Amino acid sequence: MKPRRAWLLLGFAALGALALFVSRSDANPETIRRVVPGVWFREGDLDQGHCNNVIIEMKDYLIVVDANYPSGARATMADVKRLSNKPVKYVFDTHHHGDHVYGNVLWTQEGATTLAFQAVGQEMKRLEPARWLAAAKTRPDVAELHRDAPEPPKQDIAQEEMVLNDGARKVEFRHFGWAHTRGDGFVYLPKEGVLCTGDAVVNGPHNNLADANIANWPTVLRAADKLKPKYVLPGHGARGGRELIAGQDQFLSELYKAVKAGVDAGKSVEELQASISLPPAVSPWVGDASLKRQVKDTYDEIKQGKPRGDIPQ
Ligand SMILES: [Zn+2]
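Remember, it's a predicted structure, so these values are computed and weren't measured experimentally.

What counts, and at which threshold
For every chain, the first residue of the written sequence is number 1, and numbering continues from 1 onward in sequence order. The model is predicted, so local features are restricted to residues of pLDDT at least 70 and side-chain atom pairs to those at 80 or more, both for listing and for counting; the totals for chains, interfaces and linings are taken over all residues. As a rule here, side-chain values come from all non-hydrogen atoms in the structure, and water together with hydrogens is ignored. In this analysis, axes come from line fits to C-alpha atoms, helices being fitted only over the stretch in contact, and the angle between any two N-to-C directions falls in the range 0 to 180 degrees. Per the convention used, a helix needs a DSSP run of H or I reaching at least four residues, while a strand needs a run of E reaching at least two, with both numbered from the N terminus. Angles below 35 degrees are treated as roughly parallel, those above 145 as roughly antiparallel, those between 65 and 115 as roughly perpendicular, and all remaining angles as oblique. Helix crossings get a hand from a simple test, with the near helix turned counterclockwise from the far one by less than a right angle marking a left-handed crossing and a clockwise turn marking a right-handed one. In this analysis, two residues are considered to be in contact whenever any of their non-hydrogen atoms come within 4.5 Å of each other. Note on residue categories: nonpolar means Ala, Val, Leu, Ile, Met, Phe, Trp, Tyr, Cys or Pro, charged means Asp, Glu, Lys or Arg, and polar means any other residue, Gly included. Donor criterion used throughout: N, O or S atom within 2.8 Å of the metal, extended to 3.2 Å for Na, K and Ca. Water excluded; incomplete-looking sites may result. Angular criteria define each label, namely tetrahedral for four donors with all angles between 85 and 135 degrees, square planar for four and octahedral for six donors with opposite donors over 155 degrees apart and remaining angles between 65 and 115, and irregular for whatever fails these tests. Exposed residues in this analysis have more than 50% of their type's maximum accessible area, buried residues have under 20%, and partly exposed residues fall in between, with area computed by a 1.4 Å probe over protein chains only. By the criterion applied in these results, polar contacts are pairs of N or O atoms within 3.5 Å in which, for protein atoms, one can donate a hydrogen and the other can accept it, and in which residues neighboring in sequence qualify only through two side-chain atoms. Note on pairing: DSSP must find at least two bridges between two strands before they are called paired. Here, the term nonpolar core denotes a set of buried Ala, Val, Leu, Ile, Met, Phe, Trp, Tyr and Cys residues that are joined through side-chain atoms within 4.5 Å.

S.K.: What is the right way to look at the packing of helix 9 (residues 217–225) against helix 10 (residues 242–264) in this model?
M.R.: Contact geometry of helix 9 with helix 10 gives a least axis separation of 9 Å together with a crossing angle of 165°. By the angle between their directions, the pair helix 9 and helix 10 is classed as roughly antiparallel. Crossing angle aside, the handedness with which helix 9 passes helix 10 is left-handed. Taking contact as the criterion, the partners of Trp217, Pro218, Leu221, Arg222 and Asp225 in helix 9 are, on helix 10, Arg242, Ile245, Gln248, Asp249, Leu252 and Ser253. The residue makeup of the contact of helix 9 with helix 10, split by class, is 5 nonpolar, 2 polar and 4 charged.

Dropping the structure here:
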């Protein structure tokens, strides 16, 4: 742990920000650890906006889950080279958000094929390059690529499932529907019981609902949970087991229920933001600033009768 982080933790503890303290105290940012033989989890630094990465070793090549931001991609590439001499053949984008896809171009320059479920590329067509251009104003790693737009995944997966099996390992790419984003992809290793969730599951107060289908999200989580994974590797925050899926489900379900009750009682969004209280069980997923945004997103979805991601930003 870096000294700066230790002070941060003390600061958070002193402020009584229990949820942040709990999630950050378990954090190992920018470190790579083995989950099972040939599978590694790299926890991204939230302060740099990095997502988590997973590296999967096949007989002759590697698969990387998520491209990350450009700076995260470079850091992950350096770590990957220390792990194995095998080339990265595939980089799977779990969804279209910048912290998961803006590094795409760096991976393809190194010879990898980026791939994602079809709706990832479609969402990028719909929402980019506006977000890329905005990110370039605040992120030097995006600006220094001198591009007008992000690079979309090179290969689309049109079905709901794609399997890679080279005899050494079986890897399933699964789509269970619209949760965090329209194109949400999971990666599942059935033999090892490893599930990579992207941001459909996060560990900590990192939920972004702006492109979500909030009402449908728990349904997606329940489908993923049916796989009964031993290891759950989230898009942000520390890894865990099935309790992460259950906690994420409970957080979203309780949020939706509380906002729906408020809407039914005729409350304004401001009243709801000021008064909402969720059960202590979901506190690891609750952050003060993020909860206000999440209440607004859920309120808009319910009031307008369509998924938050279908409402103009
Ligand atoms: Zn995301």
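S.K.: In this structure, what is going on with the coordination of the zinc ion? I would like to understand it.
M.R.: Put simply, the ideal angle at a metal is 109.5 degrees for four donors in tetrahedral geometry and 90 or 180 degrees for six donors in octahedral geometry. Taken together, His95 (NE2), His97 (ND1), His180 (NE2) and Asp199 (OD) make up the full set of protein donors to the zinc ion, lying 2.2 to 2.4 Å away. What the 4 donor atoms of the zinc ion show is an angle range of 86 to 170° at the metal, which sorts the shape as irregular. Binding-site remark: the zinc ion is held by donors from one chain whose sequence spacing is H-x1-H-x82-H-x18-D. One end of the pair, His95, is in the loop between strand 5 (88–92) and helix 4 (98–101); the other, His180, is in the loop between strand 9 (170–174) and strand 10 (186–189), with 85 residues separating them in the sequence. Neither His95 nor His180 differs from the other in exposure class; each is buried.

S.K.: Please clarify how the side chain of Asp141 should be interpreted in this entry.
M.R.: Structurally, Asp141 can be placed in helix 8 (residues 140–143). On the basis of relative accessibility, which here comes to 9%, the residue Asp141 falls in the buried class. Among the polar contacts listed, one links the side chain of Asp141 to the backbone nitrogen of Ser71, at a separation of 2.9 Å. Polar contacts involving the side chain of Asp141 include one to the side chain of Arg139, which spans 2.9 Å. Those residues within four positions of Asp141 in sequence are excluded, and the remaining contacts are Tyr69, Pro70 and Ser71.

S.K.: Any chance you could explain the pairing of strand 10 here in plain terms?
M.R.: Successive side chains on a regular strand alternate, one facing one side of the sheet and the next facing the other. On strand 10, burial covers both faces: Phe186 and Tyr188 on one face and Val187 and Leu189 on the other are all buried. Bridging between strand 9 and strand 10 involves 3 bridges; their strand directions are antiparallel. The residue bridging Glu172 from the neighbouring strand is Tyr188, located in strand 10. Of the pairings in the sheet, the one linking strand 10 to strand 11 (residues 194–198) comprises 3 bridges and is antiparallel in character. Note that in strand 11 the partner of Leu189 across the bridge is Val194. Connecting strand 10 to the next strand, strand 11, in antiparallel fashion are 4 residues, including Gly193 with a positive phi near 70°.

S.K.: Help me understand the nonpolar core, please; the structure alone is not making it clear to me.
M.R.: Proteins that are soluble and globular tend to have nonpolar side chains buried together. Counting residues in hydrophobic clusters, the biggest one holds 35 residues, and the most contacted among them are Trp217, Phe251, Leu255 and Val259. By residue number, the principal contributor to this core is helix 10, which donates 7 residues. What Phe251 contacts, discounting residues up to four positions off in sequence, is Asn207, Leu278, Val282, Trp285, Val286 and Gln294.

S.K.: I would appreciate a short explanation of the side chain of Asn104 in the present structure.
M.R.: When you line up the elements, Asn104 lands in helix 5 (residues 104–109). Look at Asn104 and you get buried, because its relative accessible area is 0%. One polar contact links the side chain of Asn104 to the main-chain carbonyl oxygen of Glu151, over a distance of 2.9 Å. When near neighbours in sequence (up to four residues on either side) are disregarded, Asn104 contacts Ala67, Asp93, Thr114, Glu151, Pro152 and Pro153.

S.K.: Explain the sheet that holds strand 3 (residues 53–57) here, please?
M.R.: Backbone hydrogen bonds are what pair the strands of a sheet, in a parallel or an antiparallel way. The 7 strands lie next to each other as 1-2-3-4-5-6-7, forming an open sheet whose pairing is mixed. Single-partner strands in this sheet number two, and they are strand 1 (31–36) and strand 7 (155–157). This sheet shows a mean twist of 25° between the axes of neighbouring strands, independent of strand direction. For strand 6 (residues 113–117) and strand 7, the ladder comprises 3 bridges, and the chain directions are parallel. In the sheet register, Ala116 faces strand 7, and the bridge partner there is Asp156.

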